[in-house]
Amino acid sequence: MIYLDYAATTPVRPEVIHAMTESLTESWGNPSSNHLAGHAARKGMDRARRQVGELVGAPPESVIFTSGGTEADNLAIRGVARALSAKGRHLIISNIEHSAVRVTCKMLAEDGFETTEVPVGPNGVLDPQAVARAIRPDTILVSVMHVNNEIGTIQPIAEIAELAHARGVLVHTDAVQSVGKIPVSLEALGVDLLSLSAHKIYGPKGVGALIRRKGVPLFPILTGGGHERGFRAGTENVPGITGFGVAAELAMRELPARMRHDEELGTFLLESALAALPGSKLNGDPDLRWAGCVSLRMPGVDGADLLATLDAAGVAISAGSACKAFKQETSHVIAALNLPNEQDSGTLRLTVGAPTTRAEIQEAVSLIAKAVESLRGKVAR
Ligand SMILES: Cc1ncc(COP(=O)(O)O)c(C=O)c1O
């Protein structure tokens, strides 16, 4: 199999597996227990909290461990909404957010919250001034993702945060797709809340974190014991958290090398694909983009058919995001770009990762070209 779907998930690093195995076999105590076994588990969690905090330049006490990026997004949005509902019930997001943000905001309409979706430009990037213009006296939160999961565009979070803060509005960013790929710093971005997920950075699935800047008002969504300083009840996923910590440390240490690798292979992938696939075009801004993500639209082919043909040929890629891969409708991200003749085009998302090689890319591109040719032939007949 040629795997070019690293934005969907990544393989777990051996160092992570080693730490998780140690946690499962040696440090299996309950971190809330006040005895030797509990202390050993607590020690592992404390280390992971430091490692995850350091990855984004945040103190350990700002880290709230969750069951993943989805829960981190839910906690940020629902938590602020509940904490500040007396102040206002208006939220602002972009129109290309992940469903963890989009659907959560939609659900909040039942509780009287209103959400403005600020549209991105045709390049998939938001204008910070457009966000500022959407702010109202009752706005309590702006939530804009750092790197988009379907087209890889990078949003101007620092500018958005500055404008929102000038109007007294809190800012959350979903950094699930940016961390480990481009520099991510709580301070440099200037945000109040930031979501992370372990499985996008060679860690385990089912664990993530919400980084909360000190003093930011937040209600828990999971209540019970006082775990995670009262922000997320439930006995912690100690092995997962331990693995997340190691993955975070590796991501921090290897970031410069990973960025060089993604830039080199992403560029090679884009150039090879555009040359081999007549009529294909890149979705999203060519420069304001994580270089490892190549989203292509191809006229005259059905994305789902293409994906199925490629799967049979041993190439693992996505139509849009992994969550959308089994649905036929056009993704809201691609629709947001307002592309001409978008209805007649198939979309492919190819994303590179640390194990990706040039040989794999060459092979994948040639298989994609063959599949496109045969599918177009079928349509023509
Ligand atoms: C931008 C973004 N946010 C949130 C998530 C959800 O993260 P998780 O899979 O950890 O729930 C994803 C994963 O696809 C994502 O790409």
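So, here's what we can say about the structure.

Calculation criteria
In every chain, residue numbers begin from 1 and rise along the written sequence. With pLDDT at 70 or above as the cut-off, local features in this predicted model cover only qualifying residues; side-chain atom pairs require 80 or more to be listed or tallied, and sums for whole chains, interfaces and linings still use all residues. Values reported for side chains reflect all heavy atoms of the structure, with hydrogen atoms and water molecules removed beforehand. Any two strands between which DSSP finds at least two bridges are classified as paired. In this text, helices come from DSSP runs of H or I with a minimum length of four residues, and strands from runs of E with a minimum of two, each type numbered from the N-terminal end. Only the stretch in contact is used when fitting a helix axis, every axis being a line fitted to C-alpha atoms; angles between N-to-C directions are given from 0 to 180 degrees. It only takes one pair of heavy atoms within 4.5 Å for two residues to be counted as in contact. Working definition: residue near molecule or strand if any one of its non-hydrogen atoms lies within 4 Å of it. Here the open area of atoms and residues is found with the Shrake-Rupley method and a 1.4 Å probe, where only the protein chains shown may cover a residue. Ten residues, namely Ala, Val, Leu, Ile, Met, Phe, Trp, Tyr, Cys and Pro, are considered nonpolar, four, namely Asp, Glu, Lys and Arg, are considered charged, and the remaining ones, Gly among them, are considered polar. A side-chain nitrogen of Lys or Arg and a carboxyl oxygen of Asp or Glu constitute a salt bridge if their distance falls within 4 Å. Whether a residue is buried, partly exposed or exposed follows from its accessible area with a 1.4 Å probe, protein chains only, as a fraction of its type maximum: under 20%, in between, or over 50%, in that order. We define a nonpolar core as any set of buried Ala, Val, Leu, Ile, Met, Phe, Trp, Tyr and Cys residues linked to one another through side-chain atoms lying within 4.5 Å. Residue ranges for the domains trace back to a domain assignment, done automatically or taken from a database. In this analysis, rings of Phe, Tyr and Trp, with Trp reduced to its six-membered ring, are considered paired at centre separations within 6.5 Å, and the interplanar angle assigns stacked below 30 degrees, edge-to-face beyond 60, and tilted for intermediate values. When the near helix sits turned anticlockwise from the far one by under a right angle, the crossing is termed left-handed; a clockwise turn instead gives a right-handed crossing.

So, on to the sheet that holds strand E2 (residues 63–66). The pairing of strands in a sheet comes from backbone hydrogen bonds and takes either a parallel or an antiparallel form. Here we have seven strands laid out as an open sheet, ordered E2-E8-E7-E6-E5-E3-E4, and mixed in their pairing. Two strands close off the open sheet at either side, each with one partner strand: E2 and strand E4 (114–118). Adjacent strand axes in the sheet meet at a mean angle of 20° when their direction is disregarded. Looking at chain direction, E2 and strand E8 (residues 208–212) are connected through four bridges and run antiparallel. Note on E8: the bridge partner recorded for Phe65 is Ala209. Strands strand E3 (90–94), E4, strand E5 (139–143) and strand E6 (170–174) of the sheet are contacted by helix H4 (residues 99–107), whose axis makes an angle of about 155° with E3. Along the sheet, helix H6 (residues 157–166) makes contact with E5 and E6, crossing E6 at roughly 160°.

The immediate surroundings of the ligand are formed by 13 residues, with Gly69, Thr70, Asp174, Ser197 and Lys200 found nearest. Look at the ligand: alone it shows 390 Å² of surface, and the protein chains cover 87% of it. Ranked by residue count, the leading element in the shell around the ligand is helix H3 (residues 69–83), at three residues. For the shell around the ligand, the residue count by class is two nonpolar, eight polar and three charged.

Take the pattern of salt bridges next. Considering all chains together, one arrives at 12 salt bridges under this definition. Of the charged contacts, one joins Arg232 and Glu71 as a salt bridge, the two residues approaching to 2.7 Å between their closest N and O atoms. Taken together, the residues Arg232 in the loop between E8 and helix H8 (238–276) and Glu71 in helix H3 connect sequence positions 161 residues apart. Residue Arg232 is classed as buried on the basis of its relative accessible area, which comes to 15%. The salt bridge partner of Glu264 is Arg358, with a shortest N-O separation of 3.0 Å. Note that Glu264 is positioned in helix H8 and Arg358 in helix H11 (residues 358–380), a separation of 94 residues in sequence. You can call Glu264 partly exposed: its relative accessible area is 47%. Among the charged side chains, a network of salt bridges with common partners joins Arg13, Glu15, Glu254 and Arg258.

The next point concerns the sheet that holds strand E9 (residues 281–282). Taken in spatial order, the three strands of this open sheet run E9-E10-E12, and their pairing is antiparallel. Among the strands making up the open sheet, the edge pair consists of E9 and strand E12 (345–351). Pairing between strand E10 (residues 293–299) and E12: seven bridges, direction antiparallel. Pairing of Leu296 across the sheet is with Leu348, part of E12. Sheet contacts for H8: E9, E10 and E12; angle to E10, the most-contacted strand, approximately 10°.

Okay, unusual backbone geometry next. Of note in this structure, Arg229 is not a glycine but carries a positive phi near 55°. Mapped onto the elements, Arg229 comes out in the loop between E8 and H8. Non-glycine residue Asn338 carries a positive phi angle of around 50°. Its location among the elements puts Asn338 in the loop between helix H10 (332–336) and E12.

What follows concerns the nonpolar core. When a protein is soluble and globular, its nonpolar side chains tend to lie buried together. With 56 residues, the main nonpolar core has Val52, Val56, Val142, Leu194, Leu196, Ile211 and Phe244 as its most contacted residues. Looking at which domains feed residues into this core, each of domain 1 (2–8 + 255–380) and domain 2 (14–251) supplies at least three. In terms of nonpolar packing, the next biggest core, distinct from the first, is built from 31 residues, Leu282, Leu350, Ala369 and Val372 among them.

With respect to the helices and strands, the residue Pro14 is situated in helix H1 (residues 14–25). Linking Pro14 and Ala247, residues 233 residues apart in sequence, is a C-alpha distance of 9.9 Å.

This model, assessed by the stated rule, comprises two aromatic pairs. Aromatic pair Tyr3 and Tyr6: ring centres 4.8 Å apart, planes at 85°, arrangement edge-to-face. The exposure class of Tyr6 is buried, given its relative accessible area of 5%. On the basis of an interplanar angle of 70° and a centroid distance of 6.2 Å, the ring pair of Phe65 and Phe244 is categorised as edge-to-face. Of this pair, Phe65 sits in strand E2 while Phe244 sits in helix H8, and the two are 179 residues apart along the sequence. The class of Phe65 is buried, set by a relative accessible area of 3%.

Glancing now at the packing of helix H2 (residues 36–55) against H8. Contact geometry for H2 and H8: axes closest at 8 Å, N-to-C directions at 35°. Crossing of H2 against H8: the hand is left-handed. Seen from H2, the contacting residues are Ala41, Met45, Ala48, Gln51, Val52, Glu54 and Leu55; seen from H8, they are Val238, Ile241, Thr242, Phe244, Gly245, Val246, Ala248, Glu249, Ala251 and Met252. Class assignment of the residues belonging to the contact of H2 with H8 gives a composition of 12 nonpolar, three polar and two charged.

Read these as spatial facts, not as claims about activity.
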